[in-house]
Each structure stands twice: as C-alpha cells, then as structure tokens.
Amino acid sequence: MKTDSFYHIIRQGFSGLFHICVEELKVAFRDQGVLIFLILVPLAYPLIYAFIYTNEVVRDVPAAVVDADKSSLSRKFVRFVDASADVHIQSYCADMEEAKTLLKENKVYGVIYLPESFSSDIAAGRQTTVSIYCDMSGMLYYKAILLASTNASLDMNKQIQIKRLGNTTDRQDEISTSPIEYEDISLFNPQDGFASFLIPAVLILIIQQTLLLGIGLSAGTARENSRFRNLIPPGRYYQGTLRVVLGKSAAYFLIYSIISAYVLCCVPKLFRLVQIANPSTLLAFAIPYVLACIFFAMVCSVFIRHRETCMMVYVFTSIPLLFISGISWPGAAIPDFWKVVSWLFPSTFGINGYVRINTMGATLYDILPEYRALWLQTGIYFIIACLVYRRQILLSRQRAIQRLKQIRLRRCQSD
C-alpha cells in the first residue's frame, strides 16, 4: 500500500507538471500579447538593432573648415583630413559665425579652424594650433573628426621634420621620424565597430526583458480573468508548489531554449559580428542564465495585477540595466550602491559573461565568478518563486473554500 501510494503521488505530480506546462504553452501561443513578447519581439528586435548598427563605424562625417591662413600648407592639411575615410569636408566657411550656423542646422557635425598664423608659425619653427569644434551630442562624430585631424597633423609633422633634418636616404628619414616603430592592434574588435561592442550586450538583455514582459503579461491576464484575482487557478492540477513552479518554468525554458539559440548564435552570424565562442562553453553558460531569468521573472510576476502594468514597470529599466552592467559604462566608475543593485539582475552577470565568451573566446574557467553567480541566482530565485507561489496557491484555495461555503449557505437559506 505504501509503495502504491508513493507511486501514485509521484505519478500525479508528473501528470500535474505536464498539464501545467502544456497550459502555459497554450497561453503563450493563444494570447497575442504573450506571443508578441515571448516570441515575436526576441525574433525581430535583435534584427532591428543589428540593422541600425550594421555599418559598425561612421564614415564621411560632414565637417566645415574655416581657413584663416589660406596658404598652401593650410590647404594641404585640409586635403589630408578630407582624404581620410572618416571625414568629408563639406563646406569652406569665411568665418566662424558661418560655420556655427551650419553646425546649429546639423548640416555639419564639426568645424576645423586653422589660424591666420598657421604657415608663418611653421616657417619660423614655432608650434602652431589647429582647433576642432565638434557636436558632442554624437560621440562617434567627435571620434571620427578628432582621429582624422590627429592623423593629418602627424603626417604633416613627419614631412616637416624630414625637410629640416636634411637626411640623404629614405631609411634615415624613417628612423629619424619614427625611432620607435609601433603597431596599433584592436583586440577582439578589429574594425573598432560599435555593433561588435554593443549588440552582444543588447542580445543578452533582450532575453531577460522579454521574459519579464511575457511572464508578467501572462500573470496579469490570469488575475484579470480570475473572479477573485487569483494568480493560480483552483484545481487538482495546481495543488502542489513544485509542480506549478516547475511546470510553468519548463514551458518557458522550452520556448527560450530555441529563442536563445537564435539570439545568441544566429544573429551575430547573420551580421558577421565577432563570434569566437566555443559552442559547448556557450551552451553551458546559457542554461543557468535562461533559468535565472525565468525564475526571476516568475518572482516579479507575482506583483503584476494587470496586463499593462508589466510594460510600464519593466520597459524603462532596459537602458539603466545596460549602463550598470559595466559594458556601456566602465564598471570601475559605477558607484558601489549601483553595483550591489546590479547584482540582483541576471543580465549583469549574463552580459559580462557572454561578451567575454563570444567576443574574447573565454572559457568557463575564465568567467567562473559570473557562472557561479548565475547558478546562485537560479537557486535563490527558484526558492523565492516556490515561496511566493505557495502563498498564491494557499490564497487561491482559501478563496475557493470561502466561495463554496457561501454557495452552500445560500442553498440552505433557499431550502
């Protein structure tokens, strides 16, 4: 009898888990809102982001020149700048006022000013100055104009130096102007591209945010459709805490095992981003990250009372979470308080770990702190999810019993 009873309990538990998993999958595909956030958004959103930054770097940034010197040397400097791939000299202005007008109208993003004493200072052996005024609302424009102007000044410096040295061979000129030869190598981002830097972090964040929105929307819908605003419907399949938590999480994991493979593997390959991850390492890292996001979203969904609430609460957090992750803003410059806050979110460890695995070829040993943190979050949020869902099950049962008593009381009164 004991063996049969134990077997019956186990069988009933797995039957309830399977039933809950199937019901959650039905909700995900029948509810248009949940379908959009759990499937369509993670499929389309990475493509939109990657298309926006597909050029990686800005080229031919329009700039204006104010040449007060109007000498052959000043014109040569301007030609050097215009010959670069980063800057296109669009306008030659008579004075700074004209250049400022173009800058205000967004016709140019920077102004290069050459003083009247440019050539005379160089001829007299004095140091001259070239001033750059840039639109700092776009840092990439500033970077392009600054690099082009700096490279032009370095090239002209070499030529001026060679003329004054009076060497007899090209080799002497080379040694005199560059006694220490250097080579600039961009590690893990050879094209210095913005997409290779930003997109991997955004891809990881999309997984967490869409799970928060999809599970939150599903929870809000369940409360709205329930007469007593219950998150967990009363019924024999929903009486066990573990079967409810594991059944719901299994449904989300089945969906996001496919979504994550598409987001983390296919999207970088489609847009030819840097991708040197070992597949087994990436798989081992993605499993705890997806599980941590699922249980974290399930805990947060308990506080959602209406369908629209999750969109108002979660959408605006995407940009702050990207900043405090330590990718778009240096982690060493983040205040301690916000570092501690960032540890609450799986995206913080997910972003740092995925970037190092995918872009830098790290192994699990190299990202052991992030990997352990994700498993720790998985365990903690799973326990919290069990506790809060247990309370919801008890509340649902109490309300069902109260409702049943009221019905019986009415029948007795009518009889």
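My aim in this report is to walk through the structure given alongside it, one point at a time.

Criteria and cut-off values
Residue positions are given per chain, counted from 1 along the sequence in the order it is written. In keeping with the predicted nature of the model, local features appear solely for residues at pLDDT of at least 70, side-chain atom pairs appear and are counted solely at 80 or more, and the whole-chain, interface and lining totals rest on all residues. To obtain the side-chain values, all non-hydrogen atoms of the structure were used and water was disregarded. Put simply, DSSP marks the helices as runs of H or I at least four residues long and the strands as runs of E at least two long, and each gets a number from the N terminus on. Residue exposure (1.4 Å probe, protein chains only): buried if accessible area is under 20% of the type maximum, exposed if over 50%, otherwise partly exposed. The span expected for a helix works out to 1.5 Å for each residue beyond the first. Between two residues, a contact is recorded if the distance between any of their heavy atoms is within 4.5 Å. Aromatic pairs are defined between Phe, Tyr and Trp rings, using the six-membered ring for Trp, whenever the two ring centres lie within 6.5 Å; interplanar angles under 30 degrees are classed as stacked, those over 60 as edge-to-face, and all others as tilted. Lines fitted to C-alpha atoms define the axes here, with helix axes fitted over just the stretch in contact, and angles between the N-to-C directions of these axes take values from 0 to 180 degrees. Orientation labels follow simple angle bins: below 35 degrees gives roughly parallel, above 145 gives roughly antiparallel, 65 to 115 gives roughly perpendicular, and whatever is left gives oblique. Helix crossings are classified by the rotation of the near helix relative to the far one: an anticlockwise turn of less than a right angle makes the crossing left-handed, while a clockwise turn makes it right-handed. In this description, strands pair whenever DSSP reports at least two bridges between them. Between Lys or Arg on one side and Asp or Glu on the other, a salt bridge is scored when a side-chain nitrogen of the former is within 4 Å of a carboxyl oxygen of the latter.

## Quick word on unusual backbone geometry
Excluding glycine, residues mostly have negative phi values, and the peptide bonds linking residues are mostly trans. Residues other than glycine seldom take positive phi values, yet Phe 188 does so here, at roughly 65°. Tracing the backbone shows Phe 188 in the loop between α7 (170–177) and α8 (194–225). Residue Phe 188 is classed as partly exposed on the basis of its relative accessible area of 37%. Residue Arg 272 is not a glycine yet carries a positive backbone phi of 55°. One can find Arg 272 in the loop between α9 (241–270) and α10 (279–301).

## Brief notes about helix α3 (residues 72–83)
Relative to the 16 Å expected for 12 residues at 1.5 Å per residue, α3 spans 16 Å between its end C-alpha atoms, a close match to the ideal helical length. At its buried positions, α3 is contacted by β1 (61–67), β2 (87–93), β3 (110–114), α5 (118–123) and α6 (139–165).

## Remarks on the packing of aromatic side chains
Under the definition given, this model contains 10 aromatic pairs. Measuring from ring centre to ring centre gives 5.3 Å for Tyr 45 and Tyr 49, while their planes differ by 80°; the resulting arrangement is edge-to-face. A residue pair is termed a helical-turn pair when its members lie 3 or 4 positions apart in one helix, as Tyr 45 and Tyr 49 do in helix α2 (residues 32–52) at 4 residues. On the accessibility criterion, Tyr 49 (21% relative accessible area) is partly exposed. Among the aromatic residues, those joined into a cluster by ring pairs are Tyr 45, Tyr 49 and Tyr 53.

## Some words on the side chain of Gln 392
Turning to its location among the elements, Gln 392 is positioned in helix α15 (residues 368–414). Under the relative-accessibility criterion, Gln 392 is labelled buried at 9%. If near-sequence neighbours (up to four positions away) are discounted, Gln 392 is found in contact with Arg 223, Leu 231, Ile 232 and Val 302.

## Details of the packing of α8 against helix α14 (residues 346–360)
Relative orientation of the contacting elements α8 and α14 amounts to 140°, with a least axis distance of 9 Å. In terms of orientation, α8 lies oblique with respect to α14. Helix-helix and strand crossings are classified by hand; for α8 and α14 the assignment is right-handed. Side by side, α8 and α14 meet where Pro 200, Ala 201, Leu 203, Ile 204, Leu 205 and Gln 208 of the first sit next to Pro 346, Ser 347, Gly 350, Ile 351, Tyr 354, Val 355 and Thr 359 of the second.

## Remarks on the sheet that holds β1
Sheet strands line up and pair through hydrogen bonds in the backbone, either parallel or antiparallel. Strand order in this open sheet of 4 strands is β2-β1-β3-β4, and the pairing throughout is mixed. Of all the strands in the sheet, just β2 and β4 (131–134) have a single pairing partner and so form its edges. Adjacent strand axes in the sheet meet at a mean angle of 25° when their direction is disregarded. Relative to β3, β1 runs parallel, the two being bridged by 4 bridges. Residue pairing in the sheet places Ala 64 in a bridge with Val 111 of β3. Together, β1, β2 and β3 form the strand contacts of α3, whose direction differs from that of β2 by roughly 145°. Lying on the sheet, α6 is in contact with β1, β2, β3 and β4; it crosses β4 at an angle near 165°.

## What to know about the pattern of salt bridges
Under the definition given, this model contains 8 salt bridges. Lys 107 is the partner of Glu 105 in a salt bridge, and the nearest nitrogen-oxygen pair spans 3.3 Å. The partly exposed category is assigned to Glu 105, whose relative accessible area is 44%. Between Asp 121 and Arg 126 there is a salt bridge whose closest N-O contact spans 3.0 Å.

## Structural notes on the pairing of β3
Regular strands show a simple pattern: their side chains alternate between the two faces of the sheet. Within β3, 4 of the 5 residues are buried, which leaves it mostly tucked inside the rest of the structure. Where β3 and β4 come together, 4 bridges link them in antiparallel fashion. Counterpart to Val 111 in the pairing with β4 is Tyr 133.

So yeah, pure geometry; function would need other evidence.
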